[in-house]
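Read off the chains here:
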Amino acid sequence: MMLKDNIILIGMPGAGKSTIGVILAKILGYTFIDSDILIQEKTGKLLKDIISEQGDDGFLEIENQVNASIDVHRCVIATGGSVVYEKEAMQHLKNIGTVVYLSVPYEILSKRLSNLAARGVVLRKDQTLLDLYEERSVLYEKYADITILEQGMDIEATLEQILSTLKF
């Protein structure tokens, strides 16, 4: 019997997964994990370097392996925005916790994100941020147990919404 005592944050780059995740973990007395940092620790490389050396597919394969092998309890996990492309990783994350989609309107995201390449974002050639947003939003909604619409909310309001929805 697997415990589902983790909270997994999914959403676009710039949605605030890491920022909110750290504070949420503090409030709950949970551990915090950023799966992008786990990938960097396991490979010894920056995300953007993995993508430039191994391509998007190579990166996604590593991301899938790392996320599918996370074995923790009472943890808030901030995932990379591209984790939803990997069925195995998402199935595992859904098995070990509650998946919370931090949904941010495109207009706000486009203001927050200036240099996607420096962030190590998986973006196909000729793909715009809007293309990426539209492609991924469907997947985030598909995997989410809970969706938090961050429009017009600051970090405190977002945290309150997550806590009340999760009944903490």
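Residues numbered from 1 in each chain as written. Predicted model: local features only at pLDDT ≥ 70, side-chain atom pairs only at ≥ 80, totals over all residues. Heavy atoms only, no water.

Asks: Just checking my understanding: could you explain helix 3 (residues 47-68) for this structure?
Replies: Since the α-helix advances by 3.6 residues per turn, residues separated by three or four positions end up pointing in the same direction. Relative to the 32 Å expected for 22 residues at 1.5 Å per residue, helix 3 spans just 18 Å between its end C-alpha atoms, considerably shorter than the ideal helical length. Approximately 120° is the largest bend angle found in helix 3, and it occurs at Gly 55. (Helix = DSSP H or I, 4+ residues; strand = E, 2+ residues; numbered from the N terminus. Expected span 1.5 Å × (residues − 1). Bend = angle between axes of the 7 residues up to and from the residue.)

Asks: I would appreciate a short explanation of helix 2 (residues 35-43) in the present structure.
Replies: When helix 2 is considered as a whole, its buried residues turn out to be Ser 35, Leu 38 and Ile 39. Taken end-on, helix 2 shows its buried residues confined to a sector of 100°, consistent with a single buried face. In this structure, the buried side of helix 2 is in contact with strand 2 (31-34), helix 3 and strand 3 (75-78). Here helix 2 starts with a cap whose side-chain oxygen sits 2.9 Å from the backbone nitrogen of Asp 36, and that cap is Asp 34. Gly 44 sits one or two residues past helix 2 and shows a positive phi near 70°. (Buried < 20%, exposed > 50% of the residue type's maximum accessible area, 1.4 Å probe, protein only. Arc of directions from axis to C-beta. Contact = heavy atoms within 4.5 Å. Polar contact = N/O pair within 3.5 Å; in protein donor to acceptor, adjacent residues only side chain to side chain.)

Asks: Looking at this model, I keep getting lost on the pairing of strand 5 (residues 146-149). Mind explaining?
Replies: Regular strands place their side chains on alternate faces of the sheet. Burial along strand 5 is one-sided: the residues Ile 146 and Ile 148 are buried and none of Thr 147 and Leu 149 is. Across four bridges, strand 4 (residues 97-103) lies against strand 5 in parallel orientation. Counted as the bridge partner of Ser 103 is Leu 149 from strand 5. (Pairing = 2+ DSSP bridges.)

Asks: What should I look at first to understand the pattern of salt bridges in this one?
Replies: One side chain can pair with another of opposite charge once the charged atoms of both are near each other. Summed over the entire model, instances satisfying the criterion amount to two salt bridges. Ionic pairing is found between Lys 45 and Glu 53, a salt bridge with its closest N-O pair at 2.8 Å. Judged by its relative accessible area of 34%, Lys 45 falls in the partly exposed class. (Salt bridge = Lys/Arg side-chain N within 4 Å of Asp/Glu carboxyl O.)

Asks: For this particular structure, what's the right way to read the nonpolar core?
Replies: If you look at the biggest cluster of nonpolar residues, it comprises 54 residues, and the most contacted ones within it are Ile 7, Ile 10 and Ile 77. Counting residues per element, this core draws most heavily on helix 3, at seven residues. (Core = buried A, V, L, I, M, F, W, Y, C linked by side-chain atoms within 4.5 Å.)

Asks: For this particular structure, what's the right way to read the packing of helix 3 against helix 4 (residues 87-96)?
Replies: In a packed pair of helices, the relevant descriptors are the angle between the two axes and the axis-to-axis distance. Following both chains from N to C, one finds helix 3 and helix 4 inclined at 20°, their axes separated by 8 Å at the closest point. Relative to helix 4, the element helix 3 is oriented roughly parallel. In the packing of helix 3 onto helix 4, the handedness of the crossing is left-handed. From helix 3, Asn 64, Asn 67 and Ala 68 reach across to helix 4, where they touch Glu 88, Ala 89, His 92 and Leu 93. (Axes fitted to C-alpha atoms, helices over the stretch in contact; angles between N-to-C directions. Parallel < 35°, antiparallel > 145°, perpendicular 65-115°, else oblique. Left-handed = near helix turned anticlockwise from the far one by under 90°.)

In short, geometric facts, not functional conclusions.
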